[in-house]
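Analysis of the macromolecular model
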Amino acid sequence: MFSDFNYPASSSSLEFYRGSVLRSLSDSLCEYFEDALIVAQKNGEKAGLIVAIGEAPKVAKEFKLDLSTLKKSTDLLMPAFFDTHFHWVQDDVRQMPKASLIEWLERYTFPEEAKYSDRKFSSVKAKRFWERILSVGTIGGLCYSSIHEVALEEAFKHAPEDFYIGNVLMTMNCPKEILQSPHMACASVDNCADRYKGRYICSPRFAPTTCPETMQTSAIAAARHGCFQQTHLGETKNEIKWVLDIYSEIEGFEGVKTYTEIYERVKMLGPKTIFGHCIYLDESEWKLLADSGSRIASCPSSNAPIEQLGIGSGLFDYEKAELMGIPWALASDIGGGPFLSMFDVMRSFVEQNSVAGRHTATFTKALHRSTYKGAELMNLSADRGMLNVGYYLDAIRVPMPSGLPVGANGEAVLEALFGLIPSRESSDTFVNETIIRGKSCFRKEAVA
């Protein structure tokens, strides 16, 4: 990535990047450098680790560099994304009609996922999907595959190391083409967790399609192998009624009062479990999540109104999550979400919450929840997700907004940046380059 910007007489152990930089430091602080200099390790195990970042003249003086010899990029550099909830096998159904969650699953999603039993089909789709996700600037995240181990294997062949992937577990209330026996599902978890170690994420789809025995066995396997867990919770009111009706007939669950209580009983709650959506929770459920250290992936573009190409689920109450001390980050939820780009997710988050009167939902907050907080949900945040000293250079290069006022702050730059994206569709082609640990893994000019 630095090849265009190296200082010819620099130390062979360092690389230099000069250009405009936007970095997220917190929910309320996004720092903009009109002319920044980043210095990173070039070689060895720490290749790509940032050793200096700041105003170009100051950093150049520190490293005894002639600033006039450093070529300045015309683009804007900003942190790369972590998407904490998406289904790679749903890429082809993300814009299918979504009158309701359950209908969309039954009519489009389940038949699509059944196709992934075929290795050749999965291989072709996996190669294309993981190229696409890198092209939108997403370099890590938490991903659901289909039930099939062959599809999971193909995904792991192409996904970079900071994507954790799990095959969904489905043992009831689903088409026979994607129905597993409890024995088959439990054996698959053990096999895949043993094979893929910490990159495997145990993934019961959700309580209405995964029997208690399977969910509990999966939770035990996750603890034994040190894996994360993921599932869905409280996305729609109809879903919640469906879940509770099902479990009222299951022995040992007759008295269950809430959706979250089901997951508690099968030992799924905990600090390495990420629940998608969490829109409709009562006070006891918020407390269960908070007390257990569980985490939430919020999917605003997926849960958006139907006219905005979402499922129409509702709006996640991030203020309540923060009040309760529950970690959360943003996610695309492909294919419930219509576009893979986290730029579209961030825009949806800001616009929907603005309509709801939540004015702390700024672009600054959206960026932090799409970068550092995503890495934090995955326990990667010690050195990932932020452009700062001691962190790896995980970044994207995007077009630079023109006409910014002198001394523009980060929020103003972000607003101008979103103004450069003419349509939601174009957010998926907005990134010019994606960098992981200082190395380019996608470059639009190279593809062109």
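Residues numbered from 1 in each chain as written. Predicted model: local features only at pLDDT ≥ 70, side-chain atom pairs only at ≥ 80, totals over all residues. Heavy atoms only, no water.

1. A word on the packing of helix α3 (residues 119–135) against helix α4 (residues 149–158)
Running from amino to carboxyl end, α3 crosses α4 at an angle of 30°, the nearest separation of the two axes being 8 Å. Handedness of the crossing formed by α3 with α4: right-handed. For the pair α3 and α4, contact is made by Arg-119, Ser-122, Ser-123, Ala-126, Lys-127 and Trp-130 and by Val-150, Ala-151, Glu-153, Glu-154, Ala-155, Lys-157 and His-158, respectively. Across the contact of α3 with α4, the residue classes break down as five nonpolar, three polar and five charged. (Axes fitted to C-alpha atoms, helices over the stretch in contact; angles between N-to-C directions. Helix = DSSP H or I, 4+ residues; strand = E, 2+ residues; numbered from the N terminus. Left-handed = near helix turned anticlockwise from the far one by under 90°. Contact = heavy atoms within 4.5 Å. Nonpolar A, V, L, I, M, F, W, Y, C, P; charged D, E, K, R; others polar.)

2. Digging into the environment of Asp-245
For Asp-245, the location among the structural elements is in helix α7 (residues 237–247). Assessed through its relative accessible area of 41%, Asp-245 is described here as partly exposed. In sequence terms Asp-245 and Leu-315 are 70 residues apart; their C-alpha atoms lie 24 Å from each other. (Buried < 20%, exposed > 50% of the residue type's maximum accessible area, 1.4 Å probe, protein only.)

3. Let's talk about the side chain of Thr-209
By secondary structure assignment, the location of Thr-209 is in the loop between β8 (201–204) and α6 (212–225). Setting aside chain neighbours within four positions, we find Thr-209 in contact with Leu-169, Met-170, Thr-171, Met-172, Asn-173 and Trp-242.

4. A look at the side chain of Asn-353
As for its placement among the helices and strands, Asn-353 is situated in helix α12 (residues 342–355). Note on Asn-353: relative accessible area 1%, which makes it buried.

5. Observations regarding the pattern of salt bridges
Side-chain pairs of opposite charge can arise where the charged atoms are in close proximity. Applying the stated criterion across every chain, the model contains 37 salt bridges. Residues Lys-127 and Glu-131 are paired through a salt bridge, measuring 2.7 Å at the closest nitrogen-oxygen approach. Residue Lys-127 and its partner Glu-131 are located together in helix α3, separated by four residues, close to a single helical turn. On the accessibility criterion, Glu-131 (39% relative accessible area) is partly exposed. Its salt-bridge partner being Asp-190, residue Arg-224 comes within 2.5 Å of it at the nearest N-O pair. In this pair, Arg-224 sits in helix α6 while Asp-190 sits in helix α5 (residues 182–196), placing the two residues 34 residues apart along the sequence. Connected through shared salt-bridge partners, Asp-75, Arg-397, Glu-433, Arg-443 and Glu-445 make up one network. (Salt bridge = Lys/Arg side-chain N within 4 Å of Asp/Glu carboxyl O.)

6. Quick look at the sheet that holds strand β9 (residues 228–233)
Ordered by their spatial adjacency, eight strands build an open sheet running β5-β6-β7-β8-β9-β10-β11-β12, and the pairing between neighbours is parallel. Looking at which strands have only one partner, the edges of the open sheet turn out to be β5 (81–87) and β12 (328–330). The sheet shows a mean angle of 25° between the axes of neighbouring strands, direction not considered. In terms of strand pairing, β5 meets strand β6 (residues 138–145) through five bridges, oriented parallel. Bridge pairing links Phe-82 to Gly-140 in β6. (Pairing = 2+ DSSP bridges.)

7. Brief notes about the packing of aromatic side chains
The tally for this structure, following the rule as stated, stands at 24 aromatic pairs. Measuring from ring centre to ring centre gives 6.2 Å for Trp-88 and Phe-129, while their planes differ by 50°; the resulting arrangement is tilted. Here Trp-88, found in the loop between β5 and α2 (101–114), pairs with Phe-129, found in helix α3; they are 41 residues apart in sequence, far enough to count as distant. For Trp-88, a relative accessible area of 0% translates into the label buried. (Phe/Tyr/Trp six-rings, centres within 6.5 Å; stacked < 30°, edge-to-face > 60°.)

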